[in-house]
Amino acid sequence: MSEAGLSRGAQLWALAAAIPFLLSLALLGVAFSRQVLLAFAVGWPLLQLFGYAGALKRSGGQIDHPLVKAQVVLHWMMLVILIAIFARVL
């Protein structure tokens with residue numbers, strides 16, 4: 001890793017972590033406007049914040065650490081399950 005920034009792999013994992021987080025914030029906005037799925041919409045971003053913070057703390061700040069990667073995969077699975085639920089409902 002260079003001093004100029006993150007390695008390419010770490011950048012991809014950071015992007016992969018940011019996408020579900022931003023989508024959870026979008027879901028939070030939709031949930032508040034429609035008053036549906038409020039508990040999930042509030043809990044998911046909080047779960048991500050505490051999960052990523054804990055994983056980064058225990059990994060020594062390494063984004064491409066297996067613990068952080070597990071958090072990213074976990075939230076992508078949550079996103080896939082959410083999409084499957086919406087597809088089933090609609």
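Along each chain, numbering runs from 1 in the same order as the chain's sequence is written. Totals for whole chains, interfaces and linings use all residues, but because this is a predicted model, local features are given only for residues with pLDDT of at least 70 and pairs of side-chain atoms are given and counted only at 80 or more. Side-chain figures throughout are based on the complete set of non-hydrogen atoms in the structure, without hydrogens or water.

## Points about the nonpolar core
Among buried residues, the Ala, Val, Leu, Ile, Met, Phe, Trp, Tyr and Cys ones that are joined through side-chain atoms within 4.5 Å form a nonpolar core. For the exposure calls, accessible area comes from a 1.4 Å probe over protein chains only, and a residue counts as buried if that area is under 20% of its type's maximum, exposed if over 50%, partly exposed in between. Core analysis: the largest hydrophobic core is formed by 7 residues, namely L27, L28, A31, A41, W44, L79 and L82. A run of H or I in DSSP counts as a helix once it spans at least four residues, and a run of E counts as a strand once it spans at least two, with each numbered from the N terminus. Residue contributions to this core peak at 3 residues, all from helix α1 (residues 8-34). Residues are treated as being in contact if the distance between any of their heavy atoms lies within 4.5 Å. Contacts of W44, omitting those with residues within four sequence positions, involve P20, S24, L27, H75, M78, L79 and L82.

## Focus on unusual backbone geometry
Across residues other than glycine, the phi torsion is negative in most instances, and most of the peptide bonds are trans. With a phi angle near 60 degrees, Q35 is a residue other than glycine that sits in the positive phi range. Secondary-structure assignment places Q35 in the loop between α1 and α2 (38-58). Phi angles above zero are rare outside glycine, and L37 is one such case at about 55 degrees.

## Points about the packing of α1 against α2
Axis geometry follows a simple rule: fit a line to the C-alpha atoms, using only the stretch in contact for helices, then measure angles between N-to-C directions, giving values from 0 to 180 degrees. It is at 8 Å that the axes of α1 and α2 come closest, and there the two elements cross at 155 degrees. One element, α1, and the other, α2, form an angle in the roughly antiparallel class. The chirality of how α1 crosses α2 is left-handed. Together, A17, P20, F21, S24, L25, L27, L28, A31 and F32 of α1 and L38, F40, A41, V42, W44, P45, Q48, L49 and Y52 of α2 make up the contact between the two elements. Each residue receives one of three labels: charged for Asp, Glu, Lys and Arg, nonpolar for Ala, Val, Leu, Ile, Met, Phe, Trp, Tyr, Cys and Pro, and polar for the others, Gly being one of them. Broken down by class, the residue content of the contact of α1 with α2 amounts to 16 nonpolar, 2 polar and no charged. For classification purposes, an angle smaller than 35 degrees is called roughly parallel, one larger than 145 roughly antiparallel, one from 65 to 115 roughly perpendicular, and anything else oblique. In a left-handed crossing the near helix is turned counterclockwise from the far helix by less than a right angle, and in a right-handed crossing that turn is clockwise.

## Examining the packing of α2 against helix α3 (residues 66-89)
Put simply, α2 and α3 touch, their axes get as near as 8 Å, and they point 165 degrees apart. On the basis of their axis angle, the class for α2 and α3 is roughly antiparallel. Judged by the twist between their axes, the crossing of α2 over α3 is left-handed. For the pair α2 and α3, the contacting residues are F40, W44, L47, Q48, G51, Y52, A55, L56 and R58 in the first and L67, V68, Q71, V72, H75, M78, L79 and L82 in the second. The residue makeup of the contact of α2 with α3, split by class, is 12 nonpolar, 4 polar and 1 charged.

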